[in-house]
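Topology and contacts: notes
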Amino acid sequence: MFESFSSSRINGPAGVLRTLRGGHGAPLLLLHGHPQTHVMWHAVADELAKVFTVVLMDLRGYGDSARVGADPEHHAYSKRAMALDAVAVMRHHGFDRFQVLAHDRGARVAHRLAVDHPAMVQRLMLLDIAPTLGMYENTSDAFARAYWHWFFLIQPPPLPEALIESDPVRYLRSVMGKRHAGLGAFAPAALAEYERCAQIPGTAVSICEDYRASATIDLEHDRTDRTAGRRLAQPLRVLWGEHGAVGQCFDVLGLWRERASDVSGMSLPCGHYIAEEAPALLLEHALNFFKT
């Protein structure tokens with residue numbers, strides 16, 4: 001995987017960040033979700049690199065990027081802080097303006113990146129999420145049951161961390177394997193990489209802090225945006241899996257239209273892990289949406 005990409009480690013705002021770069025053309029940043037790494041893009045990255053300069057990174061706390069220590073207010077894993085990592089990575093590669101394709105947690109980082117740094121983000125495609133604030137404010141019994149980890153991971157330390165650390169691979173397989181396509185959706189080499197990284201010391205703390213931040217400080221930032229009338233100005237395309245909980249539990253486009261001025265999107269015939277369950281469809285939409 002990623003044989004045509006060059007790999008580097010850069011010093012980000014709070015530690016080392018793993019990043020890869022490949023291809024030529026307009027810059028396109030790819031951000032992964034939980035509990036994965038940049039490897040989730042393995043089925044689409046080479047094709048995208050035929051058209052774009054593709055930059056991948058492991059979010060802080062994931063993959064081979066730094067595990068940042070916890071703080072009482074969860075600032076270290078706020079999406080604002082994580083967006084600054086993306087800024088550092090793109091500037092390292094020489095780009096001050098770029099497009100973004102992002103999934104799950106990475107899509108929440110991309111949302112904050114586009115709000116806080118609008119001059120840098122030209123357009124963005126977000127996969128299988130609705131806005132964080134909208135999801136928490138509209139949580140239902142069905143969503144809580146499907147996304148149990150949202151509510152498990154935000155419990156006070158050290159219980160969630162201890163349970164994950166007792167068997168990180170079991171935790172990962174429980175989260176990923178109980179969704180629509182099961183573990184069969186993942187290439188063996190990719191799944192092995194996710195499992196390796198889940199066992200890196202500090203991962204459990206990072207995962208919990210990522211979610212605790214989303215349930216606290218990230219909501220503060222989102223409410224401040226809403227009060228100020230601050231919306232995404234960039235073209236936004238949202239795709240979600242028709243068999244996933246996000247599309248089944250929320251009005252995805254309706255919630256994004258509250259947060260962005262130029263929104264389009266649709267469901268795809270897959271579950272949550274679009275880039276691995278339906279890579280050909282994702283490539284079709286990405287190549288049609290992003291500007292070269």
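Scroll up to find the structure.
First, a word on what this report is: a plain description of the structure on this page.

By the burial criterion, the buried members of helix α7 (residues 159-166) are P160, E161 and I164. Angular distribution of buried residues about the axis of α7 spans 100 degrees; they occupy a single face of the element. In this structure, α7 carries L159 and S166 as exposed residues pointing more than 90 degrees from its buried face. Contact partners of the buried residues in α7: α6 (148-152), α8 (168-177) and α10 (203-214).

This next bit is on the packing of aromatic side chains. For the coordinates displayed, the defined rule picks out 14 aromatic pairs. Judged by centre distance (4.9 Å) and plane angle (40 degrees), the ring pair of F143 and Y147 falls under tilted. Of the residues examined, F143 reaches a relative accessible area of 0% and is grouped as buried. With a relative accessible area of 4%, Y147 lands in the buried category. Ring centres 5.0 Å apart and planes at 75 degrees place the aromatic pair F143 and F250 in the edge-to-face group. Residue F143 is found in helix α5 (residues 141-146), and its partner F250 is found in the loop between α12 (245-249) and α13 (252-257); the two are separated by 107 residues along the sequence. Using a relative accessible area of 8% as the deciding quantity, one classes F250 as buried.

Quick look at the sheet that holds strand β4 (residues 52-57) now. Sheet strands associate in pairs through backbone hydrogen bonding, adopting either a parallel or an antiparallel arrangement. One open sheet holds the 8 strands; their spatial order is β1-β2-β4-β3-β5-β6-β7-β8, and the pairing between them is mixed. What marks the edges here is a single partner per strand, and that holds for β1 (6-12) and β8 (263-268). Each neighbouring strand pair of the sheet contributes to a mean axis angle of 20 degrees, computed without reference to strand direction. In the sheet, strand β7 (residues 236-241) pairs with β8 via 6 bridges, with the strands oriented parallel. Looking at β8, one finds that V238 is bridged to G265. Strands in contact with helix α3 (residues 104-116) are β3 (26-31), β5 (98-103) and β6 (121-127); relative to β5, the strand with the most contacts, it is inclined by about 145 degrees. Strands β4, β5, β6, β7 and β8 of the sheet are contacted by helix α15 (residues 279-289), whose axis makes an angle of about 160 degrees with β6.

Glancing now at the pattern of salt bridges. Taken as a whole and judged by the stated rule, the model has 20 salt bridges. The salt bridge involving R91 is made with D96; its shortest N-O contact spans 3.3 Å. Accessibility expressed as a relative area gives 48% for D96, which makes it partly exposed. Put simply, D225 and R112 hold a salt bridge, and the shortest N to O gap is 2.8 Å. In this pair, D225 sits in helix α11 (residues 217-228) while R112 sits in helix α3, placing the two residues 113 residues apart along the sequence. With a relative accessible area of 1%, D225 lands in the buried category. The class of R112 is buried, set by a relative accessible area of 5%. Where salt bridges share partners, they join R80, R112, D116, D222, D225, R230 and R259 into one cluster.

On to the packing of α7 against α10, then. The interhelical angle for the contact between α7 and α10, taken along N-to-C directions, is 140 degrees, at an axis separation of 9 Å. Considered as vectors, α7 and α10 are oriented oblique to each other. Once α7 is placed against α10, the crossing between them reads as right-handed. For the pair α7 and α10, the contacting residues are P160, E161, I164 and E165 in the first and A204, V205, C208 and R212 in the second. Among the residues forming the contact of α7 with α10, the class breakdown is 5 nonpolar, no polar and 3 charged.

Another aspect to go through is the environment of P27. Relative to the helices and strands, P27 resides in strand β3. In this structure the C-alpha to C-alpha distance between P27 and V55, which are 28 residues apart in sequence, comes to 7.3 Å. Aside from chain neighbours lying at most four places away, what touches P27 is T53, M90, F95, R97, F98 and Q99.

Calculation rules
- Residues numbered from 1 in each chain as written.
- Predicted model: local features only at pLDDT ≥ 70, side-chain atom pairs only at ≥ 80, totals over all residues.
- Heavy atoms only, no water.
- Buried < 20%, exposed > 50% of the residue type's maximum accessible area, 1.4 Å probe, protein only.
- Helix = DSSP H or I, 4+ residues; strand = E, 2+ residues; numbered from the N terminus.
- Arc of directions from axis to C-beta.
- Contact = heavy atoms within 4.5 Å.
- Phe/Tyr/Trp six-rings, centres within 6.5 Å; stacked < 30°, edge-to-face > 60°.
- Pairing = 2+ DSSP bridges.
- Axes fitted to C-alpha atoms, helices over the stretch in contact; angles between N-to-C directions.
- Salt bridge = Lys/Arg side-chain N within 4 Å of Asp/Glu carboxyl O.
- Parallel < 35°, antiparallel > 145°, perpendicular 65-115°, else oblique.
- Left-handed = near helix turned anticlockwise from the far one by under 90°.
- Nonpolar A, V, L, I, M, F, W, Y, C, P; charged D, E, K, R; others polar.

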